[in-house]
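# A closer look at the structure
Residue-level listing of the chains:
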Amino acid sequence: MLQSLAGSSCVRLVEQHRSAWCFALLVLGYLLYLVFGAVVFSSVELPYEDLLRQELGKLKQRFLEEHSCLSEQQLEQFLMRVLEASNYGVSVLSNASANWNWDFTSSLFFASTVLSTTGYGHTVPLSDGGKAFCIIYSVLGIPFTLLFLTAVVQRIVVFATRRPVLYVHVRWGFSKHLVAIVHAMLLGLVTVSCFFLIPAAIFSVLEDDWNFLESFYFCFISLSTIGLGDYVPGEGYNQKFRELYKMGITCYLLLGLIAMLVVLETFCELHELKKFRKLFYVKKDKEEDQVHIMEHDQLSFSSISDQAASMKDEQKASEPFVTSQSPTSNDSSLNN
């Protein structure tokens, strides 16, 4: 009996704090996922980093042997300056000298990556004035971009998701829940095809050094706003119509980001995901608050009515010569 009582109390405790337990499991799962990613990346990429370090060391040693007039310190100073310039998007290679990072189209591409928080990092402001303006521009522009994207996505969701689902539900009588799931799957498939597969094939043709996997990788890193910057289109020295190409990429990033947000909003409106998300949220005690408000209102109204009744009794007591007549007595007096 004691065991059954203890078990029931534990179950009752878990049910009362279900949201907290789910949130704790969510935090634990997220931390384990971070550790899992770190282990996989370390085991996969560390051998390649070691091979690259060895190769660069051998090349450096061979260069010093072939050019005995150059000291190792001088070479390292030169390489440090070259790497610093490369971090700012400036290359010392002769075939890349024709590409400017701050012409109008490149600046427009940079502004779009800043406002969308993609931030490839291949081009950054060089001057102090540019860095200060980038801070002010981002502080005002990122919330403005979020407002713009929210308004656009809300309108697209109405015409591309809610109305088609409601039309199919009313027109053919299918379950609205089932229609929403099928519609979300089809919308996701169309988005992947139009903004991942087809652009990846196009980038693999336009970019000489990119294969299909690298092009698809760029599309995903860009539209997910991760923006690692290891692959940036339009940076080749022999790129044809570079300005027009940069404009097209800017439009692609903006449209692709809107499409991704529409798909996410569509999936978030599914009933299963709503129920799943509610497991980790803090429950709002609206019913208890309303009960307390009702009790407070009832107490206040009852106290007011009690005070009014007591005031009436006091008035009657202060007027002893005034007697209340019943309706029957009034009727009899009228008959007489």
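Residues numbered from 1 in each chain as written. Predicted model: local features only at pLDDT ≥ 70, side-chain atom pairs only at ≥ 80, totals over all residues. Heavy atoms only, no water.

### Section: a nonpolar patch on the surface
We apply this condition: Like charges within 9 Å and nonpolar side chains (Val, Leu, Ile, Met, Phe, Trp, Tyr) within 5 Å are joined into patches, using only residues over 30% in relative accessible area that form no salt bridge. Each accessible area is a Shrake-Rupley result for a 1.4 Å probe, and residues are judged covered by the shown protein chains and nothing else. By definition, a salt bridge exists where a carboxyl oxygen of Asp or Glu is found within 4 Å of a side-chain nitrogen of Lys or Arg. A run of DSSP states H or I qualifies as a helix once it reaches four residues; a run of E qualifies as a strand once it reaches two. Both are numbered from the N-terminal end.
Nonpolar side chains collect at one region of the surface, where Val 192, Leu 197, Ile 198, Ile 202, Val 205, Leu 206 and Phe 212 lie side by side and expose about 600 Å² of accessible area between them. Counting residues per element, the nonpolar patch draws most heavily on helix H6 (residues 176-206), at six residues. Secondary-structure assignment places Ile 198 in helix H6.

### Here's the deal with the confidence of the model for the chain
Any residue range with low pLDDT should be treated as having predicted coordinates unsuitable for detailed reading. The line we're drawing: Scored between 0 and 100, pLDDT is the confidence that the predictor attaches to each residue. Only heavy atoms matter for contacts: two residues are in contact if any of them lie within 4.5 Å across the pair.
Per-residue confidence for the chain gives a mean pLDDT of 80; residues scoring 70 or more make up 77%. In the model of the chain, helix H11 (residues 327-335) stands out as the element of lowest mean pLDDT, 41, in contrast to helix H7 (residues 212-223), which has the highest, 95. Considering only residues more than four positions removed or in separate chains, one finds that residues 293-308, a stretch of pLDDT under 50, has zero contacts. Of the regions scoring below 50 in pLDDT, residues 315-336 engages in one contact with residues more than four places distant in sequence or in other chains.

### Some thoughts on the UniProt feature "transmembrane region" (unreviewed entry) in the chain
For clarity, the cut-off: UniProt positions are given in the numbering used here, feature names are shortened, and annotations may be inferred rather than shown by experiment.
The feature "transmembrane region" (unreviewed entry), as given by UniProt, occupies residues 21-44, 135-157, 178-203, 215-232 and 244-264 in the numbering adopted here. Between the first and last C-alpha atoms of residues 21-44 the distance is 34 Å; the span itself is 100% helix and 0% strand. Along residues 244-264 the backbone is 100% helical and 0% strand, and the end-to-end C-alpha distance reaches 30 Å.

### Observations concerning the pattern of salt bridges
Counted only if it meets this: Only protein chains enter the calculation, and the probe is 1.4 Å; a residue is then buried if its accessible area is under 20% of its type maximum, exposed if over 50%, and partly exposed in between.
Under the counting rule described, the total for this entry stands at four salt bridges. Across the salt bridge formed by Glu 76 and Lys 60, the nearest N and O atoms sit 2.5 Å from each other. Taken together, the residues span a long stretch of sequence, with Glu 76 in helix H3 (residues 72-87) and Lys 60 in helix H2 (residues 18-66) at a distance of 16 residues. The exposure class assigned to Glu 76 is partly exposed, which follows from its relative accessible area of 37%. Look at Lys 60 and you get partly exposed, because its relative accessible area is 23%. Across the pair Glu 269 and Arg 162 runs a salt bridge, and its minimum N-O distance is 2.6 Å. Taken together, the residues Glu 269 in the loop between helix H8 (242-268) and helix H9 (271-278) and Arg 162 in helix H5 (residues 128-172) connect sequence positions 107 residues apart. Ionic contacts of the salt-bridge type, sharing partners, join the residues Lys 60, Glu 72 and Glu 76 into one network.

### Looking at the nonpolar core
The criterion, for reference: In this description, a nonpolar core means a group of buried Ala, Val, Leu, Ile, Met, Phe, Trp, Tyr and Cys residues linked to one another through side-chain atoms lying within 4.5 Å.
Formed by 16 residues in total, the largest nonpolar core has its most connected members in Phe 203, Cys 219, Tyr 252 and Leu 253. Those elements giving two or more residues to this core turn out to be H6, H7 and H8. Sort the elements by how many residues they give to this core and H8 lands first, with five residues. When neighbours within four sequence positions are excluded, Tyr 252 is seen to be in contact with Phe 195, Pro 199, Phe 203, Cys 219 and Leu 223.

### Focus on the packing of aromatic side chains
Operational definition: The rule is short: rings of Phe, Tyr and Trp, with Trp giving its six-membered ring, pair when the centres are within 6.5 Å, and they are stacked under 30 degrees, edge-to-face over 60, tilted in between.
For the structure on display, the rule yields 14 aromatic pairs. Look at Tyr 33 and Phe 36: their rings are 6.4 Å apart centre to centre, the planes differ by 35°, and that puts the pair in the tilted class. On the criterion of helical spacing, the pair formed by Tyr 33 and Phe 36 is a turn pair, its members being three residues apart in helix H2. For Phe 36, a relative accessible area of 52% translates into the label exposed. When the centroid spacing of 5.5 Å and the interplanar angle of 25° are considered together, the rings of Phe 133 and Tyr 137 count as stacked. Pair noted here: Phe 133 and Tyr 137 are both in helix H5, with a separation of four residues, about one helical turn. A relative accessible area of 53% places Phe 133 in the exposed class.

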